[in-house]
Amino acid sequence: MNRRFLQILSYVFVVALAVTCYFSVFPPTGGAHATADTQSIMPADKMQELVDYCKAHNLYAHRIIIVDFAIRSSQPRFFVVNTKNRAIELQSKCASGSGSDNSYPPKFSNEPGSNCSSIGHFAVIVKRRMNTRRLNSFVLNGLDSTNSNAHQRGILIHPSHTVDAYADSANALIPASSQVSSGCFAIESAAMSKLEAIFAKADRPMLLYAFF
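Report on the accompanying structure. Note that the coordinates shown come from a computational prediction; the quantities given were computed from them, not determined experimentally.

Concerning helix α2 (residues 44–56)
Thought 1: With 13 residues, α2 extends 18 Å between its outermost C-alpha atoms, agreeing within 8% with the 18 Å of an ideal straight helix rising 1.5 Å per residue.
Thought 2: Those residues of α2 not exposed but buried are K46, M47, L50, V51, Y53 and C54. The arc enclosing the buried residues of α2, seen along the axis, measures out at 155°, which places them on a common side. Facing away from the buried surface of α2 by more than 90 degrees, the exposed residues are D45, K55 and A56.
Thought 3: N58 occupies a position one or two residues after α2 and carries a positive phi of about 55°.

As structure tokens, then:
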């Protein structure tokens, strides 16, 4: 090999090593690039329990939405999981309902007018335009006693420009405001676009499981 070729080879090796080191320290956090294993957000036995729940309730079992309210709103806590390869295909920050007022532990409620987030199993049933904004959203039905009023309360998954503004902040909590969420799952716009593409492939309602 000539000297010039060895220099190029050495340069390529150094660049590749630098890129590898960077991503080991700063893993991807954007919704479109999330590929971490689901063990980081939920034990394997609980994940299997959710898959079995989907099959028992005629829900789409290939992908499941998981929202972990034990994670503060300063960090991604809305995830779409591929149940076949156990990869996290999408992640996003997600606002709490304004009735929670950024308290910790959060305040949850199923009561109309509470403006609080609810937990439990939800069916993501249809995409529609929001009544108050020219934005797409997903309508939810609550399947448990903890969220049975979700449809009556108008609880949706929808994008939020406020959540977008906090997407790159690792420390600041998303403000608890009725302009952001009155109990809805308000997420990043980029994540919403990705979720629309995922939902379009589902042949039945998807499961959203929110917990604390």
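Section: the side chain of S109
Thought 1: Along the polypeptide, S109 turns up in the loop between β3 (87–92) and β4 (120–129).
Thought 2: Residue classification places S109 among the buried residues on the basis of a relative accessible area of 15%.
Thought 3: A polar side-chain atom of S109 sits 3.4 Å from a polar atom in the side chain of S114.
Thought 4: The residues touching S109, leaving out its near neighbours within four places in the chain, are S114, C116, S117, S118 and R153.

Quick word on helix α5 (residues 189–200)
Thought 1: Between its terminal C-alpha atoms α5 stretches 17 Å, which fits the 16 Å expected from twelve residues at 1.5 Å a residue.
Thought 2: Within the span of α5, buried status applies to A191, M192, L195, E196, I198 and F199. Along the long axis of α5, the arc covered by the buried residues comes to 165°, so they all point the same way. Structural note: α5 exposes A190 and A200 on the side pointing more than 90 degrees away from its buried face.

Focus on the packing of aromatic side chains
Thought 1: For the structure shown, the criterion picks out seven aromatic pairs.
Thought 2: Between Y104 and F212, the ring centres sit 5.7 Å apart and the planes meet at 70°, which makes this aromatic pair edge-to-face. Residue Y104 is found in the loop between β3 and β4, and its partner F212 is found in the segment after β8 (206–211); the two are separated by 108 residues along the sequence.
Thought 3: On the basis of relative accessible area, Y104 is assigned to the partly exposed category, the value being 43%.
Thought 4: With relative accessibility at 44%, the residue F212 sits in the partly exposed group.
Thought 5: Pairing F122 with F185 gives two aromatic rings, centres 5.4 Å apart and planes at 85°, and the pair type is edge-to-face. Of the two residues, F122 sits in strand β4 while F185 sits in strand β7 (residues 185–187), which places them 63 residues apart along the sequence.
Thought 6: Residue classification places F122 among the buried positions, given a relative accessible area of 1%.
Thought 7: Judged by its relative accessible area of 1%, F185 is buried.

Remarks on the nonpolar core
Generally speaking, soluble globular proteins have nonpolar side chains that are buried together.
Thought 1: In this structure, I65, F78, V124, I157, F185 and L208 are the most contacted members of the largest nonpolar core, which totals 26 residues.
Thought 2: Contributing elements (two or more residues each) for this core: β1 (60–68), β2 (78–82), β4, β5 (136–142), β7, α5 and β8.
Thought 3: The dominant element in this core, judged by the number of residues it contributes, is α5, at five residues.
Thought 4: Not counting chain neighbours up to four residues away, the residues in contact with I65 comprise F78, F79, V80, V124, I157, L195, M206, L207, L208 and Y209.

Rules and cut-offs
In this convention, every chain numbers its residues from 1, walking through the sequence in written order. In keeping with the model being predicted, local features are shown solely for residues with a pLDDT of at least 70 and side-chain atom pairs are shown and tallied solely at 80 or more, while totals for entire chains, interfaces and linings include all residues. Hydrogens and water molecules were not included; the side-chain quantities draw on all heavy atoms of the structure. A run of H or I in DSSP counts as a helix once it spans at least four residues, and a run of E counts as a strand once it spans at least two, with each numbered from the N terminus. One less than the number of residues in a helix, times 1.5 Å, gives the span that helix is expected to have. For every residue, the accessible area obtained with a 1.4 Å probe (protein chains only) is divided by the maximum for its type, and the residue is called buried under 20%, exposed over 50%, and partly exposed between those limits. The arc under discussion is defined with respect to the helix axis, by the directions toward the C-beta atoms. Identification of polar contacts relies on pairs of N or O atoms within 3.5 Å, with a donor-acceptor requirement for protein atoms, meaning one able to donate a hydrogen and the other able to accept it, and with residues adjacent in sequence counted only if both atoms are side-chain atoms. Contact definition: two residues touch when any of their heavy atoms are within 4.5 Å. The rule is short: rings of Phe, Tyr and Trp, with Trp giving its six-membered ring, pair when the centres are within 6.5 Å, and they are stacked under 30 degrees, edge-to-face over 60, tilted in between. Residues enter a nonpolar core if they are buried and are Ala, Val, Leu, Ile, Met, Phe, Trp, Tyr or Cys, with the set joined through side-chain atoms within 4.5 Å.

Spatial relationships are all this shows, so hold off on functional conclusions.
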